[in-house]
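# Structural overview for review
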Amino acid sequence: MSAFNIREFALTQAAAILMRALDGVPEWEGPAKTDFDRRLNEILHRLEEASSQLDLAYITESVAETVAVLL
């Protein structure tokens, strides 16, 4: 059984909300929709990067705390 990961859950929920926003306007076509699609993909990419950075920060903090305890 894997542990619940709040960051992954939040990322999934944010992506789902943004994708539903696109589905909510099925008749929407043209340059504005293309621009929105591009921006949506950029946001999703940034969310994924943020999740990775949070993981890295957590690991770094854990290592620093462990080293501090050992010293």
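Above this text sits the structure in question.
To keep things clear, this report deals only with the structure shown in the data block. Everything quoted here is computed from the prediction, not taken from an experiment. All residue numbers refer to positions counted from 1 along the written sequence of the respective chain. Reporting in this predicted model follows two pLDDT cut-offs: at least 70 for local features of residues, and 80 or more for side-chain atom pairs to be given and counted; totals over whole chains, interfaces and linings ignore these cut-offs and use all residues. Heavy atoms from the whole structure form the basis of all side-chain values; hydrogens and water molecules are not counted.

Attention shifts here to the environment of Glu42. Numbering of helices and strands runs from the N terminus; a helix is a DSSP stretch of H or I covering at least four residues, while a strand is a stretch of E covering at least two. Relative to the helices and strands, Glu42 is located in helix 2 (residues 31-70). The exposure class of Glu42 is partly exposed, given its relative accessible area of 32%. A distance of 2.7 Å separates a polar atom in the side chain of Glu42 from a polar atom in the side chain of Arg38. Burial classes follow relative accessibility: with a 1.4 Å probe on protein chains only, a residue under 20% of its type's maximum area counts as buried, one over 50% as exposed, and anything between as partly exposed. Polar contacts, as counted here, are pairs of nitrogen or oxygen atoms within 3.5 Å of one another; within protein the pair requires one atom able to donate a hydrogen and one able to accept it, and residues that are adjacent in sequence qualify only if both atoms are side-chain atoms.

The next thing to look at is a nonpolar patch on the surface. A surface patch of nonpolar side chains, amounting to about 560 Å² of accessible area, comprises Tyr58, Ile59, Val63, Val67 and Leu71. Counting through the fold element by element, Val67 comes out in helix 2. Within the patch definition used here, like charges are joined within 9 Å and nonpolar side chains (Val, Leu, Ile, Met, Phe, Trp, Tyr) within 5 Å, considering only residues with over 30% relative accessible area and no salt bridge. With residues, only the protein chains shown are counted as cover, and all accessible areas are computed by Shrake-Rupley using a 1.4 Å probe. Criterion for a salt bridge: a side-chain nitrogen of Lys or Arg within 4 Å of a carboxyl oxygen of Asp or Glu.

Here we take up helix 2. The span one expects for a helix is its residue count, reduced by one, times 1.5 Å. Relative to the 58 Å expected for 40 residues at 1.5 Å per residue, helix 2 spans 58 Å between its end C-alpha atoms, a close match to the ideal helical length. If you check which residues of helix 2 are buried, you get Lys33, Leu40, Leu44 and Ser51. In the core, the buried residues of helix 2 are packed alongside helix 1 (6-23). Contacts were defined at the residue level, with two residues in contact if any of their heavy atoms lie within 4.5 Å.

Here we take up the packing of helix 1 against helix 2. Following both chains from N to C, one finds helix 1 and helix 2 inclined at 175 degrees, their axes separated by 10 Å at the closest point. When the interaxial angle is binned, helix 1 and helix 2 end up roughly antiparallel. Judged by residue contacts, Arg7, Glu8, Leu11, Ala14, Ala15, Leu18, Met19 and Leu22 of helix 1 engage Lys33, Phe36, Asp37, Leu40, Ile43, Leu44, Leu47, Glu48, Ser51, Leu54 and Asp55 from helix 2. Residues are grouped as follows: Ala, Val, Leu, Ile, Met, Phe, Trp, Tyr, Cys and Pro are nonpolar; Asp, Glu, Lys and Arg are charged; every other residue, Gly included, is polar. For the contact of helix 1 with helix 2, a count of residues per class yields 12 nonpolar, one polar and six charged. What counts as an axis is a line fitted to C-alpha atoms, over the stretch in contact for a helix, and the angles between N-to-C directions run from 0 to 180 degrees. We call two directions roughly parallel when the angle between them is under 35 degrees, roughly antiparallel when it is over 145, roughly perpendicular when it lies between 65 and 115, and oblique otherwise.

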